[in-house]
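# Commentary on secondary and tertiary structure
As a plain string of letters, each chain reads:
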Amino acid sequence: MAPMMTPAFRTSARLALPALAALALAGCDNNPLVVNRSSCPAVAVAAYAGDISLFRPGPPDVANLDLVASITNVRDTCVETAEFFQSRITYDVVARRTDTTAARSVTLPLFVAMVQAGNLVNAKQIAQVQVKFAAGQERALASGTADVSVSRRAAAVSAEILGKINRNRKPGEIDAATDPMADPEVRAALRAASFEVLLGFQLDDQSLAYNVAK
C-alpha cells in the first residue's frame, strides 16, 4: 500500500527506555571470557507502543472499535563507515478495520527514537504511515523505513575497559572464571556505549492506557 515518511537522524551521544544488550560472550581456548561486542544499535518495538486502536465516538471499548494496527516484520541492516554505524530499518504496519463499506485512507503517527544506556533518549523523529483500504477490504498493509546513525566515538569502549574484559586469564588464577561483567566499572562503560533504536506508534494518554490494560 502507501509508503511512509522516512525519518533520518544522527546521534553522537545520549539516548531512552529498556535497551537490548549488544553484548555476547564467545568461547576461546585461551580466554573463555572474551567479549565480542557489536556497536550497531539493536532495534526493537517499544513496549506498549506496537499497537494502536482507534474508536468511534463513545467509550473506548471493543463495541466501539473502529480500527486496529500493529507494527510487525521489523528488519535492519547496519553498515560501518569511518565515522558512523549507519542502520536502515524497515517495518510493516498491518491494519484491520470493522466497517469495510467504503474506500478509506488512514494516517497513523509513528516515532523512531534513539536510546543510549537503556534509559536516555538521544533523538526522536515523528513519521506517518498511510494505510489505504479499498471498498470492502478489511485488512491493509503499509511499509516504512528509517535511517539512523550512531557516532563511532559515542559507541566506543576505552582500551582500559577492553583490557579488563579480554585479559588473558590462566587456569588456577583467583579470577580465572570471573565474569568481567561482574565489575561495576565494566558494566557501566559497556552500558554507556550501547545504543538501541525503538519504534512505535505515537500514542495519546488514553491510547497508551488502553494498550497497558489489554
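Predicted model only: the values in this text are computed from it and were never measured.

## Points about the overall build of the protein
Each helix and strand in the protein was counted, giving 3 helices and 11 strands. Counting from the amino terminus, the protein carries its helices and strands in the arrangement β-β-β-β-β-β-β-β-β-β-α-α-β-α. Put simply, the protein has 214 residues, and 40% of those count as buried. Accessible surface for the protein amounts to roughly 11300 Å². Of this, 54% is attributable to carbon and sulfur atoms.

## Some words on the environment of D92
Tracing the backbone through its elements, the reader meets D92 in strand β7 (residues 84–97). The exposure class assigned to D92 is buried, which follows from its relative accessible area of 11%. Excluding anything up to four places from it in sequence, D92 contacts S70, I71, T72, N73, R75, L141, A142 and S143. In this structure the side chain of D92 is engaged in a polar contact, spanning 2.9 Å, whose partner is the side chain of N73.

## Some details on a nonpolar patch on the surface
Nonpolar side chains collect at one region of the surface, where Y48, L208 and V212 lie side by side and expose about 280 Å² of accessible area between them. When you line up the elements, Y48 lands in the loop between β4 (42–45) and β5 (51–55). The exposure class of Y48 is partly exposed, given its relative accessible area of 49%.

## Section: the environment of V93
With respect to the secondary-structure elements, V93 resides in strand β7. With 49 residues separating them along the chain, V93 and A142 place their C-alpha atoms 5.2 Å apart.

Reading guide: rules and limits
Residues numbered from 1 in each chain as written. Predicted model: local features only at pLDDT ≥ 70, side-chain atom pairs only at ≥ 80, totals over all residues. Heavy atoms only, no water. Helix = DSSP H or I, 4+ residues; strand = E, 2+ residues; numbered from the N terminus. Buried < 20%, exposed > 50% of the residue type's maximum accessible area, 1.4 Å probe, protein only. Areas by Shrake-Rupley, 256 points an atom, 1.4 Å probe, with all protein chains shown as cover. Contact = heavy atoms within 4.5 Å. Polar contact = N/O pair within 3.5 Å; in protein donor to acceptor, adjacent residues only side chain to side chain. Patch = residues over 30% accessible without salt bridge, like charges linked within 9 Å, V, L, I, M, F, W, Y side chains within 5 Å. Salt bridge = Lys/Arg side-chain N within 4 Å of Asp/Glu carboxyl O.

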